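# Coordinate analysis (summary)
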Amino acid sequence: MKLDINKIRHDFPILEQSINGKKLVYFDNAATTQKPSVVIEALKNYYEGYNANIHRGIHHLAEKATAAFEATRKTVKSFLNANSIEEIIFTYGTTDSINLVAGTYGRKFINAGDEIIISTLEHHSNIVPWQMLCEEKGCILKIIPINDEGEIILEEYEKLLSPKTKFVSVVHVSNALGTINPIKTIIDKAHAVGAKVLIDGAQASSHLDIDVQALDVDFYALSAHKLFGPTGMGVLYGKKELLEAMPPYRGGGEMIKEVTFEKTTYADLPYKFEAGTPNIADVVAFKFALDYIQNIGKTNIAAYENELLAYATEKLESIEGLTVIGKAKEKVSVISFVLEGIHPQDIGIILDQQGIAVRTGHHCTQPLMQRLGIPGTARASFSVYNTFEEIDALVAGILKVKKLLS
Amino acid sequence: MTINELQDEIIEEFELFEDDWEGKYEYIIDLGKKLAPLAEEFKTDENIIKGCQSVVWLNARFENGLVIFEGDSQAIIVKGLVNMLLKVLSNHSPTEILNADLYFIEKIGLTSHLAQTRSNGLASMVKQMKTYALAYQSLEK
Ligand SMILES: Cc1ncc(COP(=O)(O)O)c(C=O)c1O
């Protein structure tokens, strides 16, 4: 299906503005996506119409809020093709989801001498929680190397796997380079040695179809704000039998069955992991973001984004002195680049003057930048509301950077 | 010249670029290119200003009652901004530096042009300069 991009753009009020007198070109979608009116309206409607605390009150507003909150859980379940709603835990985001798994599954089941495998491509939020666990428990962190294209080297991964491997935590799509990892193979090979697998889906969930049952993945983490949804809300998918075996993460209200001063019994899934009043409004609004994606169709979105990526790659590579960083065969619409003799920060400042928003720096992947031997990159990441004309504006913007800075 | 006279001088120069961002940044880039590189021996970890996206170094020494600052950066625009801060704050007494109110950054429209993260970098640089001034002031007493 051919998408009407102009119509889609009109769904995102923020895009209709100028920065420094120039039309905003928003190419920082890997950091966070913009929000369609339906999501903004949903937040407003919630606070104006049925704000209440959930799962507790018996009054009309509480019931309406609870129903909306739980409706999101159902939508997320089908978005990920999970087996049951008990497997969908609401968190504050990918970072929180990973910390939850490291702090509960990790603390209970991973011991001194056990090994955890991550990759060179990881975001800090899929490095630090495991380092913290290893410091506490004396387990060992192993790193899958990458090739110069920015792809995981599967043979090296296989060499790291052993009966000592208890956990593998790998990013589905690299936020810095756009690489799509072969996660089905990674998961199967981990399972073959009895290890459990978490996939960091912060980037992948907006570009790729996710089927947690087909993947047979144990845990999958994502952030709503990268999926046209609100900030401060995310999801942890976990297989039911694992979530049941895990101790709770935080203690408090909502996550209990019964409390006495002698002993507390915990609530059933998923509430066991949702202590305290959750981020109700943002959870409620997230359903509208997912419905929005579903209406356009993920396949349509991916096809269009791939066209943008191909166009941008060709145009950018034709600029003298520009090197694209990350040339994986399988990529999403993220393009990282460096300019010879020009610091990425200078690129970002001059593009910003022209109304073009890109991300510069290490993208929270410092070990990856060390592996690539660069201080950072400039990164343009595209979403379905971006256009070919905007890529032309980026190219013109980069030429201006070169003119001013060389 | 006093710190405020130096600031006013910069503000005057930037008035030329009122609506001309390219001219303004060309000027800053030029200041970056003109700043003599910091000697390698001073590019130490202790001299790195935290909170900047590019590495920024600041070195200080105390001579005849005046604080002399030198600085450098990997990024040329930041280096231009560093040059401006050095022009304004270097070669003054610790007391003058501690009492300085740096209004020129806002006046020349750079706080709005530089995102929070970057101006935070500038802010950390100013803070570090004042910390040196404070240390040298206590030496004098
Ligand atoms: C690959 C990846 N993992 C994890 C995160 C962390 O997500 P959040 O900050 O929403 O918790 C990000 C966000 O940039 C990411 O790109």
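Residues numbered from 1 in each chain as written. Chains lettered and ligands numbered in written order. Predicted model: local features only at pLDDT ≥ 70, side-chain atom pairs only at ≥ 80, totals over all residues. Heavy atoms only, no water.

If you check an unreviewed UniProt entry, chain B appears there as SufE family protein from Lacihabitans soyangensis. Among the UniProt annotations of chain B, the heading Sequence similarities (unreviewed entry) holds the following wording: "Belongs to the SufE family." (UniProt positions renumbered as here; feature names shortened; annotations may be inferred.)

## Overview of the overall build of chain B
When you go through chain B residue by residue, the secondary structure sums to 7 helices and 2 strands. Each helix and strand of chain B, ordered N terminal to C terminal, gives the series α-α-β-β-α-α-α-α-α. The C-alpha atoms of chain B give a radius of gyration of 15 Å, which matches the 14 Å a tight globule of 141 residues would have. Summarising its shape, the C-alpha atoms of chain B cover approximately 50 × 30 × 25 Å along the three principal directions. For chain B, with 141 residues in total, the buried portion stands at 50%. Accessible surface, chain B as shown: approximately 7,300 Å² in total, 50% of it carbon and sulfur. In chain B, which carries 13 positive and 23 negative side-chain charges, the distance between the mean positions of the two groups comes to 6 Å. (Helix = DSSP H or I, 4+ residues; strand = E, 2+ residues; numbered from the N terminus. Rg over C-alpha atoms; globule rule 2.2 N^0.38 Å. Buried < 20%, exposed > 50% of the residue type's maximum accessible area, 1.4 Å probe, protein only. Areas by Shrake-Rupley, 256 points an atom, 1.4 Å probe, with all protein chains shown as cover. Lys, Arg positive; Asp, Glu negative; His and termini not counted. Charge placed at Lys NZ, Arg CZ, Asp CG, Glu CD.)

## Looking at the side chain of A:D28
All names here are of chain A. Note on placement: D28 falls in the loop between β3 (25-26) and α2 (37-50). Judged by its relative accessible area of 13%, D28 falls in the buried class. Once you skip the residues sitting within four places of it in the chain, D28 turns out to touch A357, V358, R359, R379 and S381. (Contact = heavy atoms within 4.5 Å.)

## Things to note about the domain arrangement of chain A
Residues and elements named next belong to chain A. Parsing chain A into structural domains produces domain 1 (5-30 + 297-405) and domain 2 (40-294). Between domain 1 and domain 2, the C-alpha centre-to-centre distance is 28 Å. The partner domain 2 presents 32 residues to the 36 residues of domain 1 that form the contact. Carbon and sulfur atoms make up 57% of the area that domain 1 and domain 2 hide from each other, which totals about 2,700 Å². At the junction of domain 1 and domain 2, the tally comes to 2 salt bridges. Notably, a salt bridge pairs R371 with D148, separated by 2.9 Å at the nearest N-O pair. At the boundary of domain 1 with domain 2, the tally comes to 20 residue pairs in polar contact (both at pLDDT 80 or more). Only α11 (298-317), β14 (334-339) and α13 (366-372) provide two or more residues apiece to the side of domain 1 that touches domain 2. The dominant element in the side of domain 1 that touches domain 2, judged by the number of residues it contributes, is α13, at 6 residues. The residue inventory of the side of domain 1 that touches domain 2, partitioned by class, reads 18 nonpolar, 9 polar and 9 charged. (Domains from an automatic or database assignment. Buried area = accessible area lost by both parts, 1.4 Å probe. Salt bridge = Lys/Arg side-chain N within 4 Å of Asp/Glu carboxyl O. Polar contact = N/O pair within 3.5 Å; in protein donor to acceptor, adjacent residues only side chain to side chain. Nonpolar A, V, L, I, M, F, W, Y, C, P; charged D, E, K, R; others polar.)

## Concerning a negative patch on the surface
Residues and elements named next belong to chain B. Taken together, the side chains of E5, D8, E9, E12, E13, E15, E18, D19, D20 and E26 define an acidic patch exposed on the protein surface. Per-element tally for the negative patch: the top contributor is helix α1 (residues 3-15), with 6 residues. Summarising the element assignment, E15 is placed in helix α1. (Patch = residues over 30% accessible without salt bridge, like charges linked within 9 Å, V, L, I, M, F, W, Y side chains within 5 Å.)

## What about the sheet that holds strand β16 (residues 359-361) of chain A?
All names here are of chain A. Here we have 4 strands laid out as an open sheet, ordered β13-β14-β17-β16, and antiparallel in their pairing. The strands lining the two open edges of the sheet, one partner per strand, are β13 (322-325) and β16. Each strand axis lies, on average, 30° off the axis of its neighbour in the sheet, ignoring direction. As paired strands, β13 and β14 are joined by 4 bridges and run antiparallel to one another. Paired with L322 across the bridge in β14 is L339. Relative to β14, helix α14 (residues 388-405) is tilted by about 15°, and along the sheet it contacts β13, β14 and β17 (377-381). (Pairing = 2+ DSSP bridges. Axes fitted to C-alpha atoms, helices over the stretch in contact; angles between N-to-C directions.)

## Section: the pairing of strand β8 (residues 196-200) of chain A
Along a regular strand, successive side chains alternate from one face of the sheet to the other. All names here are of chain A. Here β8 lies mainly inside the structure; 4 of its 5 residues are buried. Pairing of strand β7 (residues 165-171) with β8 involves 5 bridges; the strand directions are parallel. Looking at the pairing, V171 lines up with D200 of β8. Handedness of the crossover joining β7 and β8 through helix α7 (residues 183-192) is recorded here as right-handed. (Right-handed = clockwise from strand over helix to strand, strands pointing away.)

## Focus: the site of the ligand
Residue and element names in this part refer to chain A. Around the ligand lies a shell formed by T94, T95, H123, S125, V171, N175, D200, A202, Q203, S223, H225 and K226. Between the ligand and D200, the relevant distance is 2.5 Å, taken from a nitrogen atom to a side-chain nitrogen or oxygen of the residue. Here an oxygen atom of the ligand sits 2.7 Å away from a polar atom, N or O, in the side chain of S223. The residue inventory of the shell around the ligand, partitioned by class, reads 2 nonpolar, 8 polar and 2 charged. (Near = heavy atom within 4 Å.)

## Regarding the nonpolar core
With 152 residues, the main nonpolar core has A:L80, A:V168, A:Y220, A:F286, B:F69, B:M84 and B:F104 as its most contacted residues. It is helix α10 (residues 280-296) of chain A that provides the largest number of residues to this core, a total of 11 residues. Residues from two domains meet in this core; each of domain 1 (5-30 + 297-405) and domain 2 (40-294) of chain A gives at least three. When near neighbours in sequence (up to four residues on either side) are disregarded, B:F69 contacts B:L58, B:N59, B:A60, B:L86, B:L89, B:S90, B:I97, B:M129 and B:Y132. Among the nonpolar cores identified, the runner-up in size contains 24 residues, and A:I89, A:V101, A:W130 and A:M246 belong to it. (Core = buried A, V, L, I, M, F, W, Y, C linked by side-chain atoms within 4.5 Å.)

## Quick notes on the interface of chain A and chain B
Every contact between the two is made by 18 residues of chain A and, on the other side, 16 residues of chain B. Together chain A and chain B conceal approximately 1,600 Å² of surface at their shared face, both sides included; 55% is due to carbon and sulfur atoms. Area buried by chain A at its contact with chain B is led by A:Q345, A:Q353 and A:L404, which between them contribute 36% of it. Two residues, A:K400 and B:E22, come together in a salt bridge whose shortest N-O distance is 2.9 Å. At the boundary of chain A and chain B, one finds 6 residue pairs in polar contact (both at pLDDT 80 or more). At the level of secondary structure, the elements contributing two or more residues to the side of chain A that touches chain B comprise α12 (344-353), β16 and α14 of chain A. It is α12(A) that contributes the most residues to the side of chain A that touches chain B, 7 residues altogether. For the side of chain A that touches chain B, the class distribution of residues is 4 nonpolar, 9 polar and 5 charged.

## As for the packing of helix α3 (residues 60-80) of chain A against α10(A)
Residues and elements named next belong to chain A. Where α3 meets α10, the axes come as close as 8 Å, and the angle between the chain directions of the two elements is 40°. By the angle between their axes, α3 is oblique relative to α10. Every pair of crossing elements has a handedness; the one defined by α3 and α10 is left-handed. Residues A65, A68, F69, A71, T72, T75, V76 and F79 of α3 lie in contact with α10, whose contacting residues are I280, V283, V284, F286, K287, L290, D291, I293 and Q294. Class assignment of the residues belonging to the contact of α3 with α10 gives a composition of 12 nonpolar, 3 polar and 2 charged. (Parallel < 35°, antiparallel > 145°, perpendicular 65-115°, else oblique. Left-handed = near helix turned anticlockwise from the far one by under 90°.)

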